[in-house]
Amino acid sequence: MLRIDGLSHRYGEHAVLDDMTLEVAEGELVSIVGPSGCGKSTLLRCIAGLISPTSGRVTLDGTPVDGVPDGLAVVFQDYSRSLLPWLTVRDNVALPLRRRGKSKAERRAAADEALASVGLPDAGRKYPWQLSGGMQQRVSIARALAYRPSLLLMDEPFGSVDAQTREDLEDLVLRVHRTGGMTILLVTHDIDESVYVGDRVVVLGRNPGHIRAEIDVTLPPERDQIATRADAEFVRLRAEVGRLVRGAASGPVAA
Amino acid sequence: MSVEHSPRLRAGGRAVPQRRSARGAGRPRLTRTGRAVRGLAGVLVLAAALEILARSGAVAADSLSPTSDIVVRAGELLGDGAFWSASLVPTLKAWGLGLVIAVAVAVPLGLLLGSVPYVNTATRAVVEFLRPIPSVALIPLVSLILGTGLEMKVVLIVYAAVWPVMFNTLYGLGDADPVAKDTLRSFGFGPLAVLWRVTLPAALPFIYTGVRLATSIALILAVGAEILAGFGDGLGIFIGQAMGTLDGTRDVMTGTLLAGCLGLLANSLLAFGERRLFRWHVREERS
């Protein structure tokens, strides 16, 4: 579905991404984990067509990405800045649907449905700034879901919410993925999270950002916050990813 | 003239949090009515002081009229249809028309300068040359060319009122959140749609502040141009002509009071609108 070929990007003299190659299958949920400064966000922005890479290319369903591709939704880390404060929650969620050529009634219905699916059935008439951080992030997830993207990119979406909310949102993403069948790329710096939600974990190294390893998550698709995290296989995978990330944080290491 | 609001002009709305720190710790916050009562008390004390000063004869009668006389005269004038048609309406007309034209010119201009860096650079020298010219200094020149009618006043008002609106539009555009813009772009919205749905709404509170500033500047120009021009209609003419009569002090002061009331009324209306329209902006600043 998504192919990244020899992707490199530099800002002036500073190389951020170096020769990344990655393939993501239709309907896969891939977590991308790495230390800070590994170019995770730049990678997502290249995939989203928000910036064009210095070299290499991104192909989506066989078409090279040149500008923002169709059927894409991004959930940004900075949820409070990504929602428009002058629109109600429902109007925020409904706004992208204008691109789908839907009528006002259809947009509203889709927005209400998406809000209900993230557990906020009554928030539609409120304004984003009247909600807590976790609720705002749910709204931005609802906005992405209502759009029914074929590819959903999430940039550290749970970075600034409390632990309980974070677990709820992780389960929400898993549920959405299972029922909606969309392809999801989730960037995180949380090693546990990358294993818990992912079908596959891609570990990035830094200076400049490169792909260090890809690990298949050999866990059953049904995950549970308590049971899965206690599973011996989960513990093993987490340790493996953790070693790779730590190694990545201390700079390039001879393989 | 614009001193009271100038921090808001510079930094857009960002000067607001100081209000909170000004509220002393442990001191109960005044309600809106409470503040209004205090303000009114201040006005009454000043009025009484002026009244006493004038009645006591400490100040010559032709330099200061008693407050009560001025208030009575103001009521008289406001009940007089001829005063409305000869003085108030012409000034209000020039004021309103000038403001509308200024906003209609300044907002698109600000949008252009704010979104096309090339135009901004190319026009900077011209703008920096024109802006410091005190608009009041242009009154004689413009009256020479256009006479003393409505056109003259409107031209001057437009010239003076364009700047705050244009610059606030320009600054306001820079205030749009890049994450919000990227969000809409990633949903496939084009540059014009992003301008219309993110950049412009984000700039609106700033533009509005610019309009508020422009409103008081425009009143200064309307009345000032009338006084200096000396002929025609308007509140400024009323004041100017009263100046020339033997016992004109009372009318000069009454005209001045009415001009001040016009400014106060317009500013209060705009402030009321601001609170209702931009609730989200105030909230954002506090969070």
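Shown above is the structure to which this text applies.
Each chain has its residues counted from 1, following the order in which its sequence is written. The naming scheme follows written order: chains are lettered A onward, ligands numbered 1 onward. Only residues with pLDDT of at least 70 get local features here, since the model is predicted, and only at 80 or more are side-chain atom pairs given and counted; chain-wide, interface and lining totals rely on the full set of residues. To obtain the side-chain values, all non-hydrogen atoms of the structure were included, while hydrogens and water were left out.

Participant: Can you break down the side chain of Thr 215 of chain B residue by residue, with the values?
Facilitator: All names here are of chain B. The helix and strand labels rest on DSSP assignments: H or I over at least four residues marks a helix, E over at least two residues marks a strand, and numbering proceeds from the N terminus. By secondary structure assignment, the location of Thr 215 is in helix α10 (residues 191-229). Summary of the burial criterion: residues with accessible area below 20% of their type's maximum are buried, those above 50% are exposed, and those between are partly exposed, where the area comes from a 1.4 Å probe applied to protein chains only. Owing to a relative accessible area of 7%, Thr 215 belongs among the buried residues under this scheme. Only heavy atoms enter the contact rule, under which two residues are in contact if any of them lie within 4.5 Å. Not counting the four nearest positions on each side in its chain, Thr 215 is found in contact with Trp 95, Leu 99, Ala 266 and Leu 270.

Participant: Would you mind going over the sheet that holds strand β3 (residues 29-33) of chain A in detail, with residue names and values included?
Facilitator: All names here are of chain A. An order of β6-β7-β8-β3-β9-β10 is seen for the six strands of this open sheet, with the pairing classed as mixed. Two strands bound the open sheet, and with one partner strand each, they are β6 (72-75) and β10 (210-216). Between one strand axis and the next, the sheet turns by 20 degrees as a mean value, whatever way the strands run. Bridging between β3 and strand β9 (residues 200-205) involves four bridges; their strand directions are parallel. Two strands qualify as a pair provided that DSSP identifies no fewer than 2 bridges between them. Lines fitted to the C-alpha atoms define the axes, with helices restricted to the stretch that makes contact. Angles between their N-to-C directions range from 0 to 180 degrees.

Participant: With reference to specific residues and values, describe the environment of Arg 90 of chain A.
Facilitator: Residue and element names in this part refer to chain A. The topology assignment puts Arg 90 in helix α3 (residues 89-94). Assessed through its relative accessible area of 16%, Arg 90 is described here as buried. Sequence separation between Arg 90 and Tyr 127 is 37 residues; the distance between their C-alpha atoms is 8.6 Å. In this structure Arg 90 touches Arg 108, Ala 111, Asp 112, Leu 115 and Gly 124, once residues within four positions along its chain are discounted.

Participant: Which residues make up the packing of aromatic side chains, and what values go with them?
Facilitator: In summary, the pairing rule links any two rings of Phe, Tyr or Trp, Trp by its six-membered ring, whose centres are within 6.5 Å, and it sorts them by plane angle into stacked for under 30 degrees, edge-to-face for over 60 and tilted for everything else. Using the criterion set out here, one finds eight aromatic pairs over all chains in the structure. Ring centres 6.4 Å apart and planes at 85 degrees place the aromatic pair Phe 278 of chain B and Trp 280 of chain B in the edge-to-face group. Trp 280 of chain B carries the same exposure label as Phe 278 of chain B, and that label is buried. Following the ring pairs from residue to residue traces out a cluster consisting of Trp 86 of chain A together with Tyr 208, Phe 278 and Trp 280 of chain B. Over the ring of Phe 167 of chain B we find Arg 131 of chain B; its NZ or CZ atom is 4.3 Å from the centre of that ring. Here, a charge over a ring means that NZ of Lys or CZ of Arg falls within 6 Å of the ring centre while also lying within 35 degrees of the ring normal.

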